[in-house]
Amino acid sequence: MENLFIPRVRIFYQMEYPTIIATVGGEGTRLFPLTLNISKPLVDICNQAVLTRMLEPLVLQGCRRIVMASKGYENTVQLNKYFKSGAGFFKRLGVEDGQEFEYQPNYEDKGSGDAVRCCMEYYGVKGDALVVSGDNLFDIELDAILRQHREKGALLTIGLKELGPQEDISQFGVAKLDKDMRVSAFVEKPKPGTEPSRLINTSIYVFSQEIRRVFREMGDRVKDMGRDVIPYLTEKGYPVYGYILRGYWADVGTPGWFWKTSMDILHGELKNIKREHEYKPGQWIHPDTVCRTNGLDGVRIKGTALIGRACQIGRNVTIEDSTIGHTCIIAEGTTIRESVVNSFANIGKNTILNRCILGRYTTVEENSRIDAGIEVEFPVASQDRIPVVGGGGVTIVRNSVIGPGKRVAPIHQSHRILSTGRFIELGYDKENVYFRERV
């Protein structure tokens, strides 16, 4: 078939920034129980929604138009309720010329590619489109990828990240590049030993406007981006190029990566992340919380910390290298190390939290311990050691011990959790279900 794509020739006197299309579908089962009652892109990471943390570096580098390619009633309505027109999002970043957020219409898309196609047509997107996944956080030099995309006359440029020889590559799309950075092969989730390279698809894409015509050419074949769209484009000879990311990139869709990325944001590993209310170097504590605790009298803050507004913190509390959400109550004698505590947590006295995640509105009664460092007999994959408690109103009773790999959710959610086939039941009490991921 003749390739009808004609590369554009432009002279750029000023960088033209693309429309952002954020693909934010999916139930987020890998993050259960954090996503049982909230859309995955809206889970807080360092006291802002994951999607906020993903979008803000792109906006700070020049993007102004954002389209949410969201799927399903719950997902779309929650996103719309949270961001509304986007005015609050732009105001927080000091951006005065941001455009109103746009949302995918009531259309049951067949995958990420189809969602992008729908949004581009519905909103008449012109110029380049930057398609990003709501699961990922990353550093990217926006000008550099746009410059390469335009200089090579690409229809599609894929953001790629090179993984080391010991890292699992089987869950990603993998690309092979020629000497000109053109994609010569692409395999979605290759079997071990069959991958064409160590360059994984980061789900960061720059599409030229001509993709709308190609989508119409594909018809019903526009479904998933990795399984359908990219193979079609490469097989038909369209100019598809790779751009290798040198900076930070993480898929935050699992507890282990969510925890690690939270710690990385806390320690400044990501650029263009806006942090507010610096109390001391490396410590960001809302003034209201400082006031409520009499200037943090009797509270030991060690290392790096992020603490939200309206928190009540008792005496002899130690908080070290951790993030604390808004309106949390932390009773006397508690120690929190390298942990993520989301908003409205209520933590009883003399509790120990170590390398764990507490979801919103979690209660942990006194003398309890939630700790990834406890030695256990059953196998736990290294990336899955982070205990996760949450999912809406969970209470951990006094004197409890929650070790590595364990997750806790309300008992009424047990069928939904276990029916995924991803988890193993560990037991019940009258309020909660205890489970872990299959190894």
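None of these values were measured; they are calculated from a predicted model.

Caption draft 1: Layout of the overall build of the protein. When its secondary structure is counted, the protein shows 10 helices and 32 strands. Based on the C-alpha atoms only, the size of the protein along its principal axes is roughly 70 × 45 × 40 Å. Across the 439 residues of the protein, 55% fall into the buried class. Within the protein, counting contacts between residues at least 6 apart in sequence, those at least 24 apart form 56% of the total. In the form shown here, the protein has an accessible surface area of approximately 19,400 Å², with 46% of it arising from carbon and sulfur atoms. For the protein, the distance from the average site of its 57 positive side-chain charges to the average site of its 54 negative ones is 1 Å.

Caption draft 2: Inspection of the packing of helix α6 (residues 211-218) against helix α7 (residues 225-235) at higher detail. Two elements in contact, α6 and α7, have axes separated by 12 Å at closest approach and are oriented at 100 degrees. One element, α6, and the other, α7, form an angle in the roughly perpendicular class. Side by side, α6 and α7 meet where Ile211, Val214, Phe215, Glu217 and Met218 of the first sit next to Asp228, Val229, Tyr232 and Leu233 of the second. The residue makeup of the contact of α6 with α7, split by class, is seven nonpolar, no polar and two charged.

Caption draft 3: Representation of the pattern of salt bridges within the structure. All told, the structure shown has 25 salt bridges when counted by the stated rule. Here Glu56 and Arg92 are joined by a salt bridge, their closest N and O atoms 2.9 Å apart. You can see Glu56 sitting in helix α1 (residues 50-60) and its partner Arg92 sitting in helix α3 (residues 87-92), a full 36 residues away along the chain. A relative accessible area of 0% means that Glu56 is categorised as buried. For Arg92, a relative accessible area of 17% gives the class buried. One salt bridge in this structure joins Glu195 and Arg198, with 3.5 Å as the shortest N-O distance. A relative accessible area of 23% places Glu195 in the partly exposed class. Each of the salt bridges in this network shares a partner with another, and the network as a whole consists of Arg30, Lys40, Asp135 and Asp251.

Caption draft 4: Spatial organisation of helix α8 (residues 255-266). When the terminal C-alpha atoms of α8 are compared, their 16 Å separation across 12 residues agrees well with the 16 Å that a helix rising 1.5 Å per residue should span. Taken across its 12 residues, α8 has 10 buried, putting it largely inside the fold. Along α8, the residues classified as buried are Pro255, Gly256, Phe258, Trp259, Thr261, Ser262, Met263, Asp264, Ile265 and Leu266. Just beyond α8, the residue with positive phi is Gly268, at close to 80 degrees.

Caption draft 5: Here's a closer look at helix α4 (residues 112-122). Among all positions of α4, only Gly113, Asp114, Ala115, Val116, Cys118, Cys119 and Met120 are buried. Two residues or fewer after α4 comes Gly124, characterised by a positive phi angle close to 55 degrees.

Caption draft 6: Broad picture of the sheet that holds strand β25 (residues 363-364). Across the sheet, which stays open at both edges, the five strands sit in the order β17-β19-β22-β25-β28 with parallel pairing between neighbours. Edge strands, defined here as strands with exactly one partner in the open sheet, are β17 (312-313) and β28 (395-396). In terms of strand pairing, β25 meets β28 through two bridges, oriented parallel. Along β28, the bridge assignment pairs Val364 with Ile396.

Caption draft 7: Main features of the state of the cysteines. Throughout the structure, instances matching the rule amount to zero disulfides. Looking at Cys311, it has no disulfide partner, and the nearest cysteine sulfur is the one in Cys328, 4.6 Å off. The exposure class assigned to Cys311 is buried, which follows from its relative accessible area of 0%. Left without a disulfide partner, Cys356 is nearest to the cysteine sulfur of Cys328, which lies 12 Å away. On the basis of relative accessible area, Cys356 is assigned to the buried category, the value being 0%.

Caption draft 8: Quick look at the packing of aromatic side chains. Counted under the stated rule, the structure contains 13 aromatic pairs. Note on Phe423 and Phe435: the rings are 5.2 Å apart at their centroids and 80 degrees apart in plane angle, and the pair reads as edge-to-face. Taken together, the positions of Phe423 in strand β31 (residues 423-428) and Phe435 in strand β32 (residues 432-437) put the pair 12 residues apart, joining distant regions of the chain. Joined through ring pairs, the aromatic side chains of Tyr82, Phe83, Phe89, Phe90 and Phe101 make up one cluster. Directly above the ring of Trp284 sits Arg275, whose terminal nitrogen or CZ lies 4.1 Å from the centroid.

Caption draft 9: Inspection of the side chain of Gln104 at higher detail. Position of Gln104 relative to the elements: it lies in the loop between β5 (102-103) and α4. A distance of 3.2 Å separates the side chain of Gln104 from the backbone oxygen of Tyr107, its partner in a polar contact. Of the polar contacts made by the side chain of Gln104, one reaches the side chain of Asp109; its length is 3.0 Å. Residues within four places of Gln104 in sequence aside, it is in contact with Met68, Ala69, Ser70, Thr76, Asp109, Ala115, Cys118 and Cys119.

What counts and what doesn't
- Residues numbered from 1 in each chain as written.
- Predicted model: local features only at pLDDT ≥ 70, side-chain atom pairs only at ≥ 80, totals over all residues.
- Heavy atoms only, no water.
- Helix = DSSP H or I, 4+ residues; strand = E, 2+ residues; numbered from the N terminus.
- Buried < 20%, exposed > 50% of the residue type's maximum accessible area, 1.4 Å probe, protein only.
- Contact = heavy atoms within 4.5 Å.
- Areas by Shrake-Rupley, 256 points an atom, 1.4 Å probe, with all protein chains shown as cover.
- Lys, Arg positive; Asp, Glu negative; His and termini not counted.
- Charge placed at Lys NZ, Arg CZ, Asp CG, Glu CD.
- Axes fitted to C-alpha atoms, helices over the stretch in contact; angles between N-to-C directions.
- Parallel < 35°, antiparallel > 145°, perpendicular 65-115°, else oblique.
- Nonpolar A, V, L, I, M, F, W, Y, C, P; charged D, E, K, R; others polar.
- Salt bridge = Lys/Arg side-chain N within 4 Å of Asp/Glu carboxyl O.
- Expected span 1.5 Å × (residues − 1).
- Pairing = 2+ DSSP bridges.
- Disulfide = S-S within 2.5 Å.
- Phe/Tyr/Trp six-rings, centres within 6.5 Å; stacked < 30°, edge-to-face > 60°.
- Lys NZ or Arg CZ within 6 Å of the ring centre and 35° of its normal.
- Polar contact = N/O pair within 3.5 Å; in protein donor to acceptor, adjacent residues only side chain to side chain.

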